[in-house]
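# Summary of structural features
What follows is the residue order along each chain.
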Amino acid sequence: MKRPSQFAPHGRHFVAAERVATEARFYSKPAHGLAHAFSVGTPELVTSACEAAEEAFWSFGCSARKTRAMFLETIADEIEARAEAITEIGTQETGLPVARLVSERGRTISQLRLFASHILQATYLDLRHDRALPDRQPLPRPDLRVMQRPIGPVAVFGASNFPLAFSVAGGDTASALAAGCPVVVKGHSAHPGTSEIVAEAVAAAVGRCGLHPGVFSLIQGGRREVGEALVRHPLISAVGFTGSLAGGRALFDLCAARPNPIPFFGELGSVNPMFLLPAATAARNTEIAEGWAASLTLGAGQFCTNPGISIVLDGPDGEAFAEAARAALSRTGAQVMLTDGIAEAYREGRDRIASGTGVQAMLTSTCNLRNATPYLYRTTGKAWLENHALAEEVFGPLGLIVTVESMDQMSALARALAGQLTATIHMDEADVEHARRLIPILERKAGRLLANGFPTGVEVCDAMVHGGPYPASTNFGATSVGTLSMRRWLRPVCYQNLPAAMLPEDLR
C-alpha cells in the first residue's frame, strides 16, 4: 500500500492526463487539517481539454468493449492503490467520518467494475436487425441494422456532497467512459485535494492501458466562466451535473441556448416525501418515526434522497408519530457540513420554513459556522398547499410533518408535488386500497417508489432509477445511477445495406 505522503497535493490540473499549472491560485477550506493551494482553471484550459477529448474520441469511441472494460477495471485498481491518501485528505476537506469515506470509495470502485462487467455483456447496445426483403411487394425492404453508439466528449461536474461516488471518477464519468465517451471533469472546489488524487488514478490508468491521453481531463477551480465555457464548448456533446437547482438550471439554459443545443442531465433537488397510511401509522408510528429520524440526519442530511417531508393523517396516531420523531431527532447532536456555503444555505432554509404561515416548531436548536443540528416543524395540509415554499428542498437534517384531514387531502398533496427523486409509502395490509389510489399519482411524480423503507441509500445496479420529473432532474427519461445511466451518452445509429466489413464489429 502506498503511503499518503506520496500523494500530497501538487495543485495542478490534468489536461489530456498531463499535469498543467496556471498562475492564479485558490486555497481549499478543509473542515480540519491544512489548507492547500490549487491552480485556478481558465476558459483556455477548457478549450485545450475539449480539443484533446475530441481527438481522443476518434479512437476511444470505436474501441473494443474489452478495451474499455479493462480501462475501468484499471481505474478501480489505481483508486484502491491510493485508498489511504484518499481517506486522509477526503476526511479533512469534507468533515465526513472515515467510515463514510471508506464506504463511498468502495461504492466508487464497485460501480467502475459494474460498468466494466456490463459492457462486456453487450446488452446495452440494443442490437436489432431487420433483414432485407428483396421480393416484398409493392416495394422491397432494405437490410437494416441498429445499435447504440457513443455521442462524443462529455462534461462532468463534480458534486459537493459525494467527493468520490459523484465526482471525478464517479457514476457520470464511469458510465461515459464505459459508453466510449472521453470526459472533461470540472472538479468541485469543496474537495480539490480528493479530486486531484482520484485524477492521478485515472491518468495512471490511461497510461497503463495505452489510451489516447485526451480521454480524460480535470480542471479545478475558476469562477463561473469556467463552467460556462465547458458547457458552451462546441466539442462537448452532453453534460452530467449533480448540484443545486439554481446552478443546474443556469447551466441547463446555457446548453439549450447553444447554436447546437446539447442534453443536460442534471440531478437538482428533491424533498422525497413519505406518505404514512392509517393502519401503518397506528401499528408502527414509533418505529417509522425513529427510522425517519435516522434517515433524515444521515450524513447531516446532505443526501439528495433525504426524506424531508412526512405526510400523515391528523389524529392520535399522527400525534404519536410526531412526538416520536421529535424525541428521536432530539438525541442527534451537531454534525459538520461539507462546506460553509452548504451550512449557510441550511440555515436559510430553516428560516424559510420557520417563517411560513401555519408552521409550528416542534424541535429547534442552535447551529452555527459549519455545524448542522436537526430541526422539526409541522403544518397542515391546507397551509402546505397554499405555500409553495414549504415544498422546496432544505439540504440538511430538517424535517416537516404535514398533517392532512383525510385521504382525499393526502392525494391532493401528492398531486401538488413537483418532480421528485423518490416517494415512499408506509403501509400495512389494511392500507392496500389507499396505496392503490396514491401509486398512479406518485408514478408521475417520482423516479423511484418505495414501500416501508427510507430512500437514503441508492443501490448501484441494473434496475435502479435515480432521476425523476423536473426539478428532481432535467431529463425525466434518464437515471444518474445504475447501468441504465449509460443511455445518457449513447444514441441509436441505423446502418442500411452496409457491407458486413463496413459495420461496427458488434453488428457483424
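Residues numbered from 1 in each chain as written. Predicted model: local features only at pLDDT ≥ 70, side-chain atom pairs only at ≥ 80, totals over all residues. Heavy atoms only, no water.

### Some remarks on the overall build of the protein
On a plain count of helices and strands, the protein comes out with 14 helices and 21 strands. If you take every contact in the protein between residues at least 6 apart in sequence, the share linking residues at least 24 apart comes to 76%. Charge-centre separation for the protein: the mean point of 46 positive side chains lies 4 Å from the mean point of 49 negative side chains. (Helix = DSSP H or I, 4+ residues; strand = E, 2+ residues; numbered from the N terminus. Contact = heavy atoms within 4.5 Å. Lys, Arg positive; Asp, Glu negative; His and termini not counted. Charge placed at Lys NZ, Arg CZ, Asp CG, Glu CD.)

### Quick look at the sheet that holds strand E6 (residues 144-150)
Strand order in the open sheet formed by three strands is E5-E6-E21, and the pairing between neighbours is antiparallel. Two strands close off the open sheet at either side, each with one partner strand: strand E5 (128-130) and strand E21 (490-496). Neighbour to neighbour, the strand axes of the sheet diverge by 25 degrees on average, direction disregarded. Pairing analysis gives seven bridges linking E6 to E21, with the strands arranged antiparallel. (Pairing = 2+ DSSP bridges. Axes fitted to C-alpha atoms, helices over the stretch in contact; angles between N-to-C directions.)

### Looking at the nonpolar core
By size, the foremost hydrophobic cluster in this structure holds 95 residues, and its most contacted members are Phe71, Ile75, Ile79 and Phe216. The leading source of residues in this core is helix H6 (residues 192-209), at eight residues. Within the second largest apolar cluster, 22 residues are counted, among which are Leu45, Ala49, Ala155 and Ile219. (Core = buried A, V, L, I, M, F, W, Y, C linked by side-chain atoms within 4.5 Å. Buried < 20%, exposed > 50% of the residue type's maximum accessible area, 1.4 Å probe, protein only.)

### A word on the packing of aromatic side chains
Enumeration according to the criterion identifies twelve aromatic pairs in this entry. Here the aromatic rings of Phe60 and Phe71 are separated by 6.1 Å at their centres, their planes lie at 90 degrees, and the arrangement is edge-to-face. A residue pair is termed long-range when its members are at least 10 positions apart, and Phe60 in helix H1 (residues 43-60) and Phe71 in helix H2 (residues 65-81) qualify at eleven residues. A relative accessible area of 1% places Phe71 in the buried class. Clustering of aromatic rings is evident, with ring pairs tying together Phe157, Phe241, Phe252 and Phe264. Residue placement shows Arg100 over the ring face of Phe162; its charged tip is 4.9 Å from the ring centre. (Phe/Tyr/Trp six-rings, centres within 6.5 Å; stacked < 30°, edge-to-face > 60°. Lys NZ or Arg CZ within 6 Å of the ring centre and 35° of its normal.)

### Examining the packing of H2 against helix H5 (residues 171-179)
Where H2 contacts H5, the axes come no closer than 9 Å and their chain directions differ by 155 degrees. When the axis of H2 is compared with that of H5, the two are roughly antiparallel. In this structure, H2 crosses over H5, and the sense of that crossing is right-handed. Mapping the contact onto sequence places Arg68, Phe71, Leu72 and Ile75 in H2 and Ala174, Leu177, Ala178 and Ala179 in H5. Across the contact of H2 with H5, the residue classes tally to seven nonpolar, no polar and one charged. (Parallel < 35°, antiparallel > 145°, perpendicular 65-115°, else oblique. Left-handed = near helix turned anticlockwise from the far one by under 90°. Nonpolar A, V, L, I, M, F, W, Y, C, P; charged D, E, K, R; others polar.)

### Quick word on the confidence of the model for the protein
Per-residue confidence for the protein averages 96 on the pLDDT scale, and 99% of its residues sit at or above 70. In the predicted structure, residues 1-6 sits below a pLDDT of 50 and forms eleven contacts with residues beyond four places in sequence or in another chain. (pLDDT = per-residue confidence, 0-100.)

### Quick look at the sheet that holds strand E18 (residues 398-404)
Spatial ordering of the open sheet is given by E15-E17-E18-E13-E12-E19-E20, a layout of seven strands whose pairing is mixed. Sheet topology places strand E15 (360-363) and strand E20 (446-451) at the edges, where each strand pairs with a single neighbour. Averaged over all neighbouring strand pairs, the angle between strand axes comes to 20 degrees, with direction disregarded. With three bridges connecting them, E15 and strand E17 (residues 375-380) associate as antiparallel partners. Bridging across to E17, Leu363 finds its partner in Leu376. In this fold helix H9 (residues 278-297) packs onto strand E12 (274-276), strand E13 (309-313), E17, E18 and strand E19 (420-426), with an angle of close to 160 degrees to the strand it touches most, E18. Together, E12, E13, E15, E17 and E18 form the strand contacts of helix H10 (residues 316-330), whose direction differs from that of E17 by roughly 160 degrees.

### Description of the pairing of E13
The element E13 is extensively covered by neighbouring structure, given that four of its five residues are classed as buried. The pairing of E12 with E13 spans three bridges and is parallel. Following the sheet pairing, Met274 is matched in E13 by Ser310. On the question of chirality, the crossover connecting E12 to the parallel E13 by way of H9 is right-handed. Pairing between E13 and E18: five bridges, direction parallel. Looking at the pairing, Val312 lines up with Thr403 of E18. (Right-handed = clockwise from strand over helix to strand, strands pointing away.)

### Some remarks on helix H8 (residues 245-257)
Helix length check: H8, at 13 residues, gives a terminal C-alpha distance of 18 Å against a target of 18 Å (1.5 Å per residue), a fit within 8%. Among the residues of H8, those classed as buried are Gly248, Leu251, Leu254 and Cys255. Angularly, the buried residues of H8 cover 120 degrees about the axis, an arc narrow enough to put them on a single face. Those residues of H8 that are exposed and aimed more than 90 degrees away from the buried face are Ala246 and Ala257. In this structure, the buried residues of H8 make contact with strand E7 (154-157), helix H7 (224-232), strand E10 (238-242) and strand E11 (264-267). (Expected span 1.5 Å × (residues − 1). Arc of directions from axis to C-beta.)

### Some remarks on empty space enclosed by the protein
The tally for this structure, following the rule as stated, stands at three cavities of 30 Å³ or more. By volume, the largest cavity is sized at about 120 Å³. In this structure, the largest cavity is lined by 18 residues; those nearest its centre are Val271, Gly308, Glu393, Val394 and Leu398. Of the residues in the lining of the largest cavity, the class split is ten nonpolar, six polar and two charged. Surrounding the second largest cavity, Phe265, Gly266, Glu267, His466, Gly467, Ser473, Thr474, Asn475, Ala478, Thr479, Ser480 and Arg488 form its lining. Considered class by class, the residues forming the lining of the second largest cavity number two nonpolar, eight polar and two charged. (1 Å grid on protein atoms, 1.4 Å probe; cavity = no way out; pocket = protein on both sides within 12 Å on 5 of 7 lines; lining within 4 Å. Points joined across faces, edges and corners; volume = space filled by probe spheres on them.)

### Here's the deal with the pattern of salt bridges
The tally for this structure, following the rule as stated, stands at 21 salt bridges. Across the pair Glu104 and Arg100 runs a salt bridge whose closest N-O atoms are separated by 3.1 Å. Of this pair, Glu104 and Arg100 both sit in helix H4 (residues 98-121), four residues apart, roughly one helical turn. Arg100 gets classed as buried once you look at its relative accessible area, which sits at 15%. Salt bridges here are not isolated pairs; linked through shared partners, they connect Glu73, Asp77, Glu80 and Arg113. (Salt bridge = Lys/Arg side-chain N within 4 Å of Asp/Glu carboxyl O.)

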